[in-house]
Amino acid sequence: MTIATTTSPVYPLTKEDRRFVGLHLVIAFSALVIGSLFGPLQALEHAGLDLYPSLERFGIQSYYQGLTLHGVLNALIWTTFFITGFLTLVVIRGLQRPLALPWLNRLGFWMMVVGLVAAAIPILLNKATVLYTFYPPMEANTWFYVGLTLVVVGSWIEGWGFYVTYWRWRKEHGTTRTPFIVLAALITMVLWQIATLGVAAEILGLLLPWSIGLADGVDPLLSRTFFWFTGHPLVYFWLLPAYVSWYGMLPKQVDGKLFSNSLARLAFWLFLILSTPLGFHHQFVDPGIPSGWKYIHSILTFSVFFPSLLTFFTVIASLEYGARKRGGTGRLAWIKALPWKNPSVTAQLLAGILFVFGGIGGLANASYNVNLVLHNTAWVPGHFHLTVGSAVTLSFVGIAFWLVPHLTRKPLWSPKTALVGVWTYFVGMLIFSNAMHTVGLLGAPRRTTLGLAPYVPPEWTGHLWRVGFGGTLMWIGLMTAVVVVAVTAFRSTRLPEGEYVDVPVAESIDDEQQVPVWLDRWMPWLVGAAVLIILAYGPQLIDKIGGMAPTSPPFTP
Ligand code: HAS
Ligand code: CU
């Protein structure tokens, strides 16, 4: 198995840096392990084996409390902590300099940790069983909202630390093009900071005052509108760090080069301007949003397809370039020449393959009339397990297979076990997601106990069994991979003195310094993002805020 080790680090992260990035990973993986525990429980429930009653003695009182833990820990906490840690490494390594204000990044990190604890306690006490979207009028304990706010603000602060570091680098480097991975990391962070303005307005303006008792009711439509202002670009905040790796690192891991530095940058800029102004595709069935506006967001959703199609083309071209250099031939046979024995590479390739299906499903979701058939059915969790659960999570696990050895100076424990883990997860995901999509089309609702429900027709049964079986396989595969990461981190074997696992930074075939200037300038893209958001959201927000009807009393599930 070839995870490159080298004796001449380009820029060695200091011990403190490595520890700091590693702390992010410890929290991220802990959240993943706890959150994933509920995955097979839900899947088996669908198959008719409800194990939730046996969890009551551990304080888990319902399927919905488990589902809340699953969604919050996996979709929100695992991702945010992994991403902030990974981007910290990318900024330091990419700019080849330490963080400008390390105390600022540490402040942000610890704020996120405090927020996590504040949000987790009410969930564990069954006082915030509101699922990861926390739609009002379902009401959570105040600390849940405070906790989420601290996690978001903490991540912003870490981002400010990146900007200052970049600013200092920029002042010393004149017109030198920003290294691709750094530009991509910064765009991801800016996208996140623009996106989260929606949820900040929702929590600070509506939910917190309501849960403290300053307001009697809440306006669910306005809340949902703010939520999805954040909720859609949130999915690209998850995805883009995986793209940083697919474009900027994976080519190096397969002995190739990035096919086009310019195309890669263009994709990231397009995400910056197109990710936010399309949240209404989550609200196609919400009354109160005029169909003309739903149409506009629908068109914009189809446009955000393009940067992913660019990615499809560029990443596969980069892989092919590497595979041919490794001796691969033929129209498709070159695929066999990719280093499939390297679990880090395989995890990311499998993530990409699953994402093809997730992406096609996204196109179905975005089509208004098709959406009416699949909205709120099991199809939707089928879709997002292929995206955030595969493209993102499987890529992050693949990254961890070199990142943890890089941070700890220890070799990856048992690459073979790692391979077994990722393949098992892949097979489980194929079965699970296909069954969820199918049973969703047959009408099975999402977020509902199905296994023992009296209304379930016989033609769902086989698919619900596959949900249970696939979901269990996924858990076994993921935990196998996590064990590999954990044993690597805590084992005593170290790499020989002077050797270490480098960050795989890919060169590009085109010269990075020849990339057009407009692909290295912030202003036009920031202006473009602001204009599109104002056009796509402004009139509706003015209308909804002006006509706010905070009349829904709280409902405690
Ligand atoms: Fe989505 C619902 C539309 C992408 C996540 N989405 C969700 C929800 C989540 C989610 C969590 O329009 C549920 C929210 C909830 O709880 O209610 N989604 C889209 C569209 C895309 C899309 C158009 N989604 C994502 C990504 C996510 C994500 C990415 C997480 C990371 N989604 C929707 C809509 C809904 C929705 C509606 C609302 C549904 C409803 O009614 O509730 C597109 O961005 C997808 C574009 C992707 C592609 C694929 C390109 C393929 C690539 C792979 C390359 C292959 C490689 C492998 C590298 C076009 C790049 C090569 C391997 C070799 C061996 C050679
Ligand atoms: Cu969306």
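The text that follows walks through the structure, step by step, so that each part is easy to find.

Rules behind the numbers
Residues numbered from 1 in each chain as written. Chains lettered and ligands numbered in written order. Predicted model: local features only at pLDDT ≥ 70, side-chain atom pairs only at ≥ 80, totals over all residues. Heavy atoms only, no water. Donors = N, O, S within 2.8 Å, 3.2 Å for Na, K, Ca; no water. Core = buried A, V, L, I, M, F, W, Y, C linked by side-chain atoms within 4.5 Å. Buried < 20%, exposed > 50% of the residue type's maximum accessible area, 1.4 Å probe, protein only. Helix = DSSP H or I, 4+ residues; strand = E, 2+ residues; numbered from the N terminus. Contact = heavy atoms within 4.5 Å. Near = heavy atom within 4 Å. Polar contact = N/O pair within 3.5 Å; in protein donor to acceptor, adjacent residues only side chain to side chain. Nonpolar A, V, L, I, M, F, W, Y, C, P; charged D, E, K, R; others polar. Phe/Tyr/Trp six-rings, centres within 6.5 Å; stacked < 30°, edge-to-face > 60°. Expected span 1.5 Å × (residues − 1). Salt bridge = Lys/Arg side-chain N within 4 Å of Asp/Glu carboxyl O. Axes fitted to C-alpha atoms, helices over the stretch in contact; angles between N-to-C directions. Parallel < 35°, antiparallel > 145°, perpendicular 65-115°, else oblique.

Examining the coordination of the copper ion (ligand 2)
In step 1: Around the copper ion (ligand 2), the donor atoms from the protein are His232 (ND1), His281 (NE2) and His282 (NE2), and they sit 1.8 to 2.1 Å away.
In step 2: Read N to C, the donor residues that coordinate the copper ion (ligand 2) are spaced as H-x48-H-H.
In step 3: Metal-to-metal, the separation of the copper ion (ligand 2) and the iron atom of ligand 1 is 4.5 Å.

So, the nonpolar core
In step 1: In terms of nonpolar packing, the biggest core is built from 177 residues, with Phe82, Phe86, Phe134 and Phe144 touching the most fellow members.
In step 2: Here this core gets 19 residues from one element, more than from any other, and that element is helix H2 (residues 63–95).
In step 3: Those residues within four positions of phenylalanine 144 in sequence are excluded, and the remaining contacts are Val72, Ala118, Ala119, Pro122, Ile123, Ala128, Val130 and Phe134.

Things to note about the site of ligand 1
In step 1: Neighbouring ligand 1 are 38 residues; Tyr132, Tyr236, His375, His383 and Arg446 lie closest to it.
In step 2: One of the side-chain N or O atoms of asparagine 365 is found 3.4 Å from a nitrogen atom in ligand 1.
In step 3: Within the side chain of histidine 383, an N or O atom sits 3.0 Å from a nitrogen atom of ligand 1.
In step 4: When contributions to the shell around ligand 1 are tallied by element, the ones reaching two or more residues are helix H7 (220–248), helix H11 (305–325), helix H12 (343–366) and helix H14 (379–408).
In step 5: When the residues that make up the shell around ligand 1 are grouped by side-chain class, the tally is 24 nonpolar, 13 polar and 1 charged.

Notes on the coordination of the iron atom of ligand 1
By definition of the ideal shapes, four donors in a tetrahedron about a metal sit 109.5 degrees apart, and six donors in an octahedron sit 90 or 180 degrees apart.
In step 1: Inspection of the coordination sphere of the iron atom of ligand 1 shows a single protein donor, His383 (NE2), at 2.2 Å.
In step 2: Note on placement: histidine 383 falls in helix H14.

Description of the packing of aromatic side chains
In step 1: Tallied over the entire structure, the rule returns 36 aromatic pairs.
In step 2: Each ring, one from phenylalanine 227 and one from tryptophan 228, has its centre 4.9 Å from the other, and the planes form 90°; the classification is edge-to-face. Of the two residues, phenylalanine 227 and tryptophan 228, neither departs from the other in class, the shared state being buried.
In step 3: Three or more aromatic residues joined by ring pairs form one cluster here, namely Phe180, Tyr236, Tyr243, Trp246, Tyr247, Phe268, Phe271 and Phe355.

Details of helix H5 (residues 180–195)
In step 1: End to end, H5 covers 22 Å across 16 residues, agreeing with the expected 22 Å (1.5 Å per residue, within 8%).
In step 2: With 16 of 16 residues buried, H5 is to be regarded as a mostly interior element.

Here's the deal with the pattern of salt bridges
Side-chain pairs of opposite charge can arise where the charged atoms are in close proximity.
In step 1: Under the criterion given, the structure shown has 10 salt bridges.
In step 2: Between aspartate 255 and arginine 326 there is a salt bridge whose closest N-O contact spans 2.6 Å. Here arginine 326 lies in the loop between H11 and H12 and aspartate 255 lies in the loop between helix H8 (250–253) and helix H9 (261–274), a separation of 71 residues in the sequence.
In step 3: What makes aspartate 255 partly exposed here is its relative accessible area of 39%.
In step 4: Look at arginine 326 and you get partly exposed, because its relative accessible area is 36%.
In step 5: Taking the shortest distance from any N to any O, the salt bridge between arginine 324 and glutamate 320 comes out at 2.7 Å. On the criterion of helical spacing, the pair formed by arginine 324 and glutamate 320 is a turn pair, its members being 4 residues apart in helix H11.
In step 6: The class of arginine 324 is partly exposed, set by a relative accessible area of 35%.

Side note on the packing of H5 against H7
Packed helices, taken two at a time, are described by their axes: the angle between them and the distance between them.
In step 1: As a packed pair, H5 and H7 sit with axes 9 Å apart at the nearest point and diverge in direction by 170°. With respect to H7, the axis of H5 lies roughly antiparallel. Where H5 approaches H7, its residues Phe180, Ile181, Ala184, Ala185, Thr188, Leu191, Trp192, Ile194 and Ala195 are matched on the opposing element by Phe229, Thr230, Pro233, Leu234, Tyr236, Phe237, Leu240, Pro241, Val244, Tyr247 and Gly248.
In step 2: Of the residues belonging to the contact of H5 with H7, the class tally is 17 nonpolar, 3 polar and no charged.

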